[in-house]
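The lines below spell out each chain.
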Amino acid sequence: MSRKPNLALVGATGAVGTVMIDIINNRENIWGEIRLIASPRSAGKKIKVHGEDLTVVALSPEAFDGIDIAMFDVPDEVSEVWAPIAAERGAVAVDNSGAFRMNDQVPLVVPEVNPEQAKNRPLGIISNPNCTTLTMMAAMGALHNKWTLKELVVSSYQAVSGAGAAGLDELAAELAVVGGKLSLGTETDDVKAALAAAGNDLSNSPWAHPIALNVIPFAGSLKAGGHSSEEMKVRDESRKILGIKDLKVAASCVRVPVQVAHSLTVHATFAESLTPEEVRDVLEQQPTIRVLDDPANNVYPTPSHVAGQDPTFVGRIRQSLDFDKSIELFVVGDNLRKGAALNTYEIAELVAKEF
């Protein structure tokens, strides 16, 4: 790096943006200017970054003047409009939304897996994967490099924070009503009745069913064939990140009453035979993976342990009983950190090395 590039964070006051600022404050300051950008209603707010009070500026074309790298932590529809504007003003846009992930002219980057793709950006935009896909990518990339991945069967157990602040608020509101008041075996209708009695008819919930004391076997929007958008993202994004166009993927995405950290059970099939011992050895060598795998002593990753941490955690590593080229494992990652903010920031760090 011959000079320090200027960095902008769009969506600085949002849920992921707040996590991003925490990450920036706890990593080496490699930046020249850091500019915080948000909606006009947040303009003027002051946020401390590397010991300095920075004033949030309103999103506008001029807000990107002089910026080299702009990170976007905003909804798809905002990124769709403003990431190209940032690129037109000379910035490399690193986008955390789903707006450009499957665009053939936009690389989908996980620095541990395909860092070379960060330079392949004809539109000036780099995309960050969906948090569910991203939870398993560091592990799958390392194992693919060793044994050639052929098939993935994945079930996700996704935290409510994946639905944003509304998801967290809904779980908290429901727990305040039903927590400790209903007996084991409580039916969904009983939970709905208790919520309705407290004035919560689920009309403002991200979900059609209660999430407290429940799991919802659907995440995202409905797509062809009965699949959900989250399930399609796991399939399509895994193929693009790993560079395996014909990778066979089956995914089921489930929302669970956990605040933070997505968990995945993964059944991975490879071109060559492999053992759990070999898998542990490969994963333990990866700097962003922590292996917690001693079930005899109740050691395995859980969301409550992983929340707030940067690494991906892997456990329950075992040989599939009936498939000699398949391994089963349990992967957990903080969906707000590595699943969103941290990977976006690590992409920005990759681009910063070009200056």
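See above for the structure.
Rules and cut-offs
Residues numbered from 1 in each chain as written. Predicted model: local features only at pLDDT ≥ 70, side-chain atom pairs only at ≥ 80, totals over all residues. Heavy atoms only, no water. Helix = DSSP H or I, 4+ residues; strand = E, 2+ residues; numbered from the N terminus. Rg over C-alpha atoms; globule rule 2.2 N^0.38 Å. Buried < 20%, exposed > 50% of the residue type's maximum accessible area, 1.4 Å probe, protein only. Contact = heavy atoms within 4.5 Å. Areas by Shrake-Rupley, 256 points an atom, 1.4 Å probe, with all protein chains shown as cover. Lys, Arg positive; Asp, Glu negative; His and termini not counted. Charge placed at Lys NZ, Arg CZ, Asp CG, Glu CD. Salt bridge = Lys/Arg side-chain N within 4 Å of Asp/Glu carboxyl O. Expected span 1.5 Å × (residues − 1). Pairing = 2+ DSSP bridges. Axes fitted to C-alpha atoms, helices over the stretch in contact; angles between N-to-C directions.

**Q** Where do I start with the overall build of the chain in this structure?
**A** In terms of helices and strands, the chain carries nine helices and 14 strands. Against the 2.2 N^0.38 benchmark of 20 Å for 355 residues, the chain shows a C-alpha radius of gyration of 21 Å, consistent with a compact globule. The principal-axis extent of the C-alpha atoms belonging to the chain is close to 60 × 55 × 40 Å. Expressed as a percentage of its 355 residues, the buried residues of the chain come to 50%. The contacts in the chain between residues at least 6 apart in sequence include a share of 69% that link residues at least 24 apart. Accessible surface, the chain as shown: approximately 15800 Å² in total, 50% of it carbon and sulfur. The distance from the centre of the 32 positive side-chain charges to the centre of the 45 negative ones in the chain is 3 Å.

**Q** Mind showing me how you'd approach the pattern of salt bridges here?
**A** It is possible for side chains of opposite charge to pair when their charged atoms get near one another. In this structure the tally under the stated criterion is 17 salt bridges. As a salt-bridge pair, Asp68 and Arg3 come within 2.8 Å of each other at their nearest N and O atoms. Of this pair, Asp68 sits in the loop between strand E5 (57-58) and strand E6 (69-72) while Arg3 sits in the segment before strand E1 (7-10); the two residues are 65 residues apart in sequence, bridging distant segments of the chain. For the salt bridge of Lys338 with Glu346, the shortest nitrogen-to-oxygen distance reads 2.7 Å. For the pair Lys338 and Glu346, a shared accessibility class is recorded, and that class is buried. If you follow the salt bridges from partner to partner, you end up with Arg27, Glu112, Lys338, Glu346 and Glu349 in one network.

**Q** Any chance you could explain helix H6 (residues 229-242) here in plain terms?
**A** Along an α-helix, residues three or four apart share an orientation, since each turn contains 3.6 residues. Here H6 contains 14 residues, and its C-alpha end-to-end distance of 20 Å stays within 8% of the 20 Å for a straight helix at 1.5 Å per residue. All buried positions along H6 are accounted for by Ser229, Glu230, Glu231, Val234, Glu237, Ser238, Ile241 and Leu242. The elements touched by buried residues of H6 are helix H3 (131-147), strand E9 (149-158) and strand E10 (248-255). Positive phi shows up at Gly243, right after H6, with a value of about 70 degrees.

**Q** Which parts of the structure should I look at to understand the sheet that holds E9?
**A** As a general point, the strands of a sheet are linked pairwise by backbone hydrogen bonds and lie either parallel or antiparallel. Spatially, six strands are ordered E10-E9-E11-E14-E13-E12 in an open sheet, and the strand pairing comes out mixed. Strands with a single pairing partner mark the edges of an open sheet, and in this sheet they are E10 and strand E12 (289-291). When strand polarity is set aside, the average angle formed by the axes of neighbouring strands in this sheet is 20 degrees. For strand E13 (residues 312-319) and strand E14 (residues 326-333), the ladder comprises five bridges, and the chain directions are antiparallel. The residue bridging Gln319 from the neighbouring strand is Ile327, located in E14. Contacting E9, strand E11 (262-270), E12, E13 and E14, H3 runs over the sheet at an angle of about 25 degrees to E11.

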